Amino acid sequence: MSSFALPTLVRRQRASLKATLIAPPAALAVAIVLNLILYVIMGRDPLAVLHAMILEPFLSWASFSEVLLKTGPLLLIAQGLAIGFRAKVFNIGAEGQFILGAIFASAIPVWFPQATGGWIWPVMLLLGAIGGALWASITAFWRVRLNANEILVSLMLSLVAAQFLYYLLLGPWKDPAGFNFPQSVMFQYDAMVPTLIAGTRLNVSILIALALSIVAWVFMEKSFMGYKLQVGGLAPRAAGYAGFKESRAIWLSLLIGGFAAGLAGAAEVAGPLGQLQRSISTGYGYAAIIVAYLGALHPIGIIISSVVMAVIYIGGDNAMVSANLPIAAVRVFQGSLLLAYLIAVAFVRYRLEWPHKARPATTGSTT
Amino acid sequence: MNAIEFILAGMLAAATPFLLAALGEMVTERAGVLNLGVEGLMALGAVIAFIVVYHGGGHFLAFIAAGLSATLLSLVFAFVALGFRANQVATGLAIGILGQGLSALFGKTYESLTVKGLPKIAIPGLSDIPVIGGLFEQDIVVWLSLLATLAIWATFAFTKTGLVIRAVGENPKAAHAIGYPVITVRVAAIAFGGMMAGFAGAYASVIYTPLWADGMIAGRGWIAIALVVFGTWLTGRIFLGACLFGAVSLMSLAAQATGLDLPSQLLSSLPYIVTIIVLGIISADRRLLKLNGVASLGEPFER
């Protein structure tokens, strides 16, 4: 049996807090090393890439403010998704909910380009959040009423949303003075989220994201509703006996996820972009899934992991310019980071046991 | 050629990527493992096959290379999901992102290049029948895919191998108690699914539309996963579902050719919309899913 010495996973008596805290940085370190090896194979200078990806984002205020700017949407979407993931509702269609949020918010400046007033941008953000929640509600309806798998439905809806965006930008919402580019008119001044610090593109939406992170923490850790969601995810049967309705958890998870993603989409068009474009999202909806997991699905952890993911985005852009690294390397990094995390997090509930230590005669676990 | 003849002639070729990937995923799921990384596995297979054909390696070698590379990536899935009992949904998503990233990375210098596809082989006599004759004029991979479909059906219908895979998926603890190697069977099923997804991607990039464009798989891996649900884990129904999606993806082409005035984006999203609708219809029959579904799907096995 123990002719070759493969270690086995043995369940711990209780989850290890230490492993929970070590897992994300350990995964990050492993992912960095693996990807640096890949860059060496590709013939790039690993130190130059490392410098561009990890250090440069922090070296100037200008680039760090860009990191914080990217943190906003990732943080918002991931907080929303994590609530659903904890209830075991796998909404992976945040990308589509983000796009619908951007479209709903753009309706005001596209239809009323002359409108002025301080009410415009807050209403746009609200509309965006509603748009995202409405798009997510299709998935919720399909799951609750038709028993359809929410993973597949929400993902398909993201692909539909992207086509809908192209339709608008090539058709009715195309800027007539835009040289046929697939983009809307530039938004008027009042349709833009106010800038936070002069000289940077950083705007009020990062504060909204942080405020909602606190709301998410209170909701998940202090409220009865949040408790019910978590029980539903951890012990569905117990939740059923306690009278916690599964359908309500599904609706709530998807509406919260869609609301947050829609808000992020609205803040993106009303913030750094200033118009509706084809490339409004560089995969935020998918990256946010990784952010949520890397943050251990905990509101505080997600604040940290969203900054990490934003650094990877900005660093990837840097490395493309300074080390000639294709931008696809960012996606490779993201995928390997999540895989490394999923391995690392196994040690929260399990420990490795090497065969020569185990005594088959006394332990029932080895047969 | 009218629209019906056009769809009948092209349906099987359009269906092949769906069919191969869905059959592979069906085997994986029958063994109790949910691998959501099909889209990434297909993308990796597609780019590897394209590179091989572009550099003159030929289609046979291209399929071998695509199958091998996607198998390797699916073994990474097995390492994380089975070796560390990780959440299979998250692991599958990670493999999907990684596979798509790798395909974009490898394919960067091949963007918008084209290669030559494969000639069609007609079955004498049958291919001369009016209207449906086009069905019997297909390339070699389509014919082989049909054979593979039969072989997979026969494996589950008649052989012990099929029975063991199902036992491992239905009740891994019982299968283990009888003495079947649950983890080994699952790893093999994952590798088979990976290989089939690699073939599916290769068919898409070097035969069906022999060109390389980043993101060319365009959700077909996800539709393949949905097909397994539509087909309620049964080979024959999955084949019919794949044909339906082959026809749907051709319908958008046919509609444009007949000058139907619909926005092209609506036609492009037709396969996704059809997926959502059919998924709703099939899943609403809870008994059907319970009856044919895999009991331990997505749950890690612990002795």
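Residues numbered from 1 in each chain as written. Chains lettered and ligands numbered in written order. Predicted model: local features only at pLDDT ≥ 70, side-chain atom pairs only at ≥ 80, totals over all residues. Heavy atoms only, no water.

Asker: Help me out: how do you make sense of the overall build of chain B in this one?
Answerer: A tally of helices and strands in chain B yields 13 helices and two strands. Buried residues in chain B amount to 56% of all 303 residues. Long-range contacts, defined here as pairs at least 24 residues apart, represent 77% of the contacts in chain B between residues at least 6 apart. Summed over its atoms, the accessible surface of chain B is roughly 12100 Å², and 69% of this surface lies on carbon and sulfur atoms. (Helix = DSSP H or I, 4+ residues; strand = E, 2+ residues; numbered from the N terminus. Buried < 20%, exposed > 50% of the residue type's maximum accessible area, 1.4 Å probe, protein only. Contact = heavy atoms within 4.5 Å. Areas by Shrake-Rupley, 256 points an atom, 1.4 Å probe, with all protein chains shown as cover.)

Asker: What am I meant to see in the overall build of chain A here?
Answerer: For chain A, the count of helices and strands is 14 helices and two strands. Its C-alpha atoms give chain A a radius of gyration of 23 Å, within 12% of the compact-globule value 21 Å for 367 residues. Counting only C-alpha atoms, chain A reaches 80 × 60 × 35 Å along its principal axes. Buried positions account for 54% of the 367 residues belonging to chain A. Partitioning the contacts of chain A with sequence separation of at least 6, the portion at a separation of at least 24 is 78%. As displayed, chain A has an accessible area near 16600 Å², and 68% of this comes from carbon and sulfur atoms. (Rg over C-alpha atoms; globule rule 2.2 N^0.38 Å.)

Asker: Any chance you could explain the environment of Leu 61 of chain B here in plain terms?
Answerer: Residue and element names in this part refer to chain B. Within the fold, Leu 61 resides in helix 3 (residues 58-83). Classification of Leu 61 as partly exposed rests on a relative accessible area of 47%. Once the C-alpha coordinates of Leu 61 and Ala 49 are considered, the two residues, 12 residues apart in sequence, prove to be 8.0 Å apart.

Asker: Which parts of the structure should I look at to understand empty space enclosed by the protein?
Answerer: Gaps between atoms show up when a probe of the same size as a water molecule is rolled over them. Residue and element names in this part refer to chain A. The tally for this structure, following the rule as stated, stands at five cavities of 30 Å³ or more. In this structure, the largest cavity occupies an estimated 80 Å³ of space. Counting only elements with at least two residues in the lining of the largest cavity, the list comes to helix 3 (61-86), helix 7 (205-222) and helix 10 (246-273). Considering every element that reaches the lining of the largest cavity, the biggest residue donor is helix 3, with five residues. (1 Å grid on protein atoms, 1.4 Å probe; cavity = no way out; pocket = protein on both sides within 12 Å on 5 of 7 lines; lining within 4 Å. Points joined across faces, edges and corners; volume = space filled by probe spheres on them.)

Asker: I'm lost on the confidence of the model for chain A in this one. Help?
Answerer: Detailed reading of the predicted model is not advised wherever pLDDT is low. For chain A, mean pLDDT is 92; residues scoring 70 or higher make up 96% of the total. Here residues 362-367 of chain A is modelled with pLDDT under 50, and outside its nearest four sequence neighbours on either side it reaches three contacts, counting other chains as well. (pLDDT = per-residue confidence, 0-100.)

Asker: Help me understand the environment of Asp 175 of chain A in this model?
Answerer: Along the polypeptide, Asp 175 of chain A turns up in the loop between helix 6 (150-170) and helix 7. Beyond its immediate sequence surroundings of up to four residues, Asp 175 of chain A is in contact with Gln 183, Ser 184 and Val 185 of chain A.

Asker: So what exactly am I meant to see when it comes to the pattern of salt bridges here?
Answerer: Opposite charge on two side chains lets them pair, provided their charged atoms get close. As enumerated under the stated definition, the model contains eight salt bridges over all chains in all. With a closest N to O distance of 3.1 Å, Glu 302 of chain B and Arg 11 of chain A form a salt bridge. Linking Glu 302 of chain B in the segment after helix 13 (286-292) with Arg 11 of chain A in strand 1 (residues 8-11), this pair reaches from one chain into another. On the basis of relative accessible area, Arg 11 of chain A is assigned to the partly exposed category, the value being 43%. Here Arg 143 of chain A makes a salt bridge to Glu 246 of chain A, at a shortest N to O gap of 3.1 Å. You can see Arg 143 of chain A sitting in helix 5 (residues 120-146) and its partner Glu 246 of chain A sitting in helix 10, a full 103 residues away along the chain. Look at the salt bridges and you will find they share partners, linking Arg 11 of chain A together with Arg 85 and Glu 302 of chain B into a network. (Salt bridge = Lys/Arg side-chain N within 4 Å of Asp/Glu carboxyl O.)

Asker: How should I be thinking about the nonpolar core in this particular structure?
Answerer: As a rule of thumb, nonpolar side chains are buried together in soluble globular proteins. Among the nonpolar cores identified, the biggest contains 207 residues, and Ile 77, Leu 276, Tyr 293 and Met 309 of chain A together with Trp 222 of chain B are the most heavily contacted of them. Tallying contributions element by element places helix 1 (residues 3-30) of chain B first for this core, with 15 residues. The contacts of Met 309 of chain A, once residues within four sequence positions are left out, are Leu 74, Ala 287, Ile 290, Val 291, Gln 334 and Leu 337 of chain A. With 13 residues, the next largest nonpolar core counts Phe 219, Met 220, Leu 229 and Leu 254 of chain A among its residues. (Core = buried A, V, L, I, M, F, W, Y, C linked by side-chain atoms within 4.5 Å.)

Asker: Please explain the interface of chain A and chain B as it appears in this structure.
Answerer: The accessible area lost on association of the parts is a frequent measure of interface size. Each side of the interface is counted separately: chain A has 46 residues, and chain B has 47 residues. Here chain A packs against chain B, burying approximately 3900 Å² in sum over the two surfaces, 77% of which is carbon and sulfur. In this structure, Arg 331 of chain A and Asp 214 of chain B form a salt bridge, with 3.3 Å as the shortest nitrogen-oxygen distance. Summed over the shared surface of chain A and chain B, the result is six residue pairs in polar contact (both at pLDDT 80 or more). Elements represented by at least two residues in the side of chain A that touches chain B include exactly strand 1, helix 5, helix 6, helix 11 (284-294), helix 13 (328-344) and helix 14 (346-349) of chain A. No other element matches the 12 residues that helix 6 of chain A contributes to the side of chain A that touches chain B. Broken down by class, the residue content of the side of chain A that touches chain B amounts to 35 nonpolar, seven polar and four charged. (Buried area = accessible area lost by both parts, 1.4 Å probe. Polar contact = N/O pair within 3.5 Å; in protein donor to acceptor, adjacent residues only side chain to side chain. Nonpolar A, V, L, I, M, F, W, Y, C, P; charged D, E, K, R; others polar.)

Asker: I'm lost on helix 9 (residues 220-230) of chain B in this one. Help?
Answerer: Three or four residues apart is the spacing at which side chains of an α-helix point the same way, because the helix has 3.6 residues per turn. Across the 11 residues of helix 9 of chain B, 11 count as buried, placing the element largely inside the fold. Looking only at helix 9 of chain B, the buried set comprises Arg 220, Gly 221, Trp 222, Ile 223, Ala 224, Ile 225, Ala 226, Leu 227, Val 228, Val 229 and Phe 230 of chain B.

Asker: Mind showing me how you'd approach the packing of aromatic side chains here?
Answerer: To describe a pair of aromatic rings, you give the distance between the ring centres and the angle between the ring planes. In total, this model carries 19 aromatic pairs over all chains according to the counting rule given. Pairing Phe 50 of chain B with Tyr 54 of chain B gives two aromatic rings, centres 6.1 Å apart and planes at 15°, and the pair type is stacked. Residue Phe 50 of chain B and its partner Tyr 54 of chain B are located together in helix 2 (residues 38-54), separated by four residues, close to a single helical turn. A relative accessible area of 36% means that Tyr 54 of chain B is categorised as partly exposed. Taken together through their ring pairs, the aromatic side chains of Phe 58, Trp 61 and Phe 64 of chain A make up a single cluster. Sitting over the ring of Tyr 350 of chain A, Arg 85 of chain B keeps its end group 4.9 Å from the ring centre. (Phe/Tyr/Trp six-rings, centres within 6.5 Å; stacked < 30°, edge-to-face > 60°. Lys NZ or Arg CZ within 6 Å of the ring centre and 35° of its normal.)

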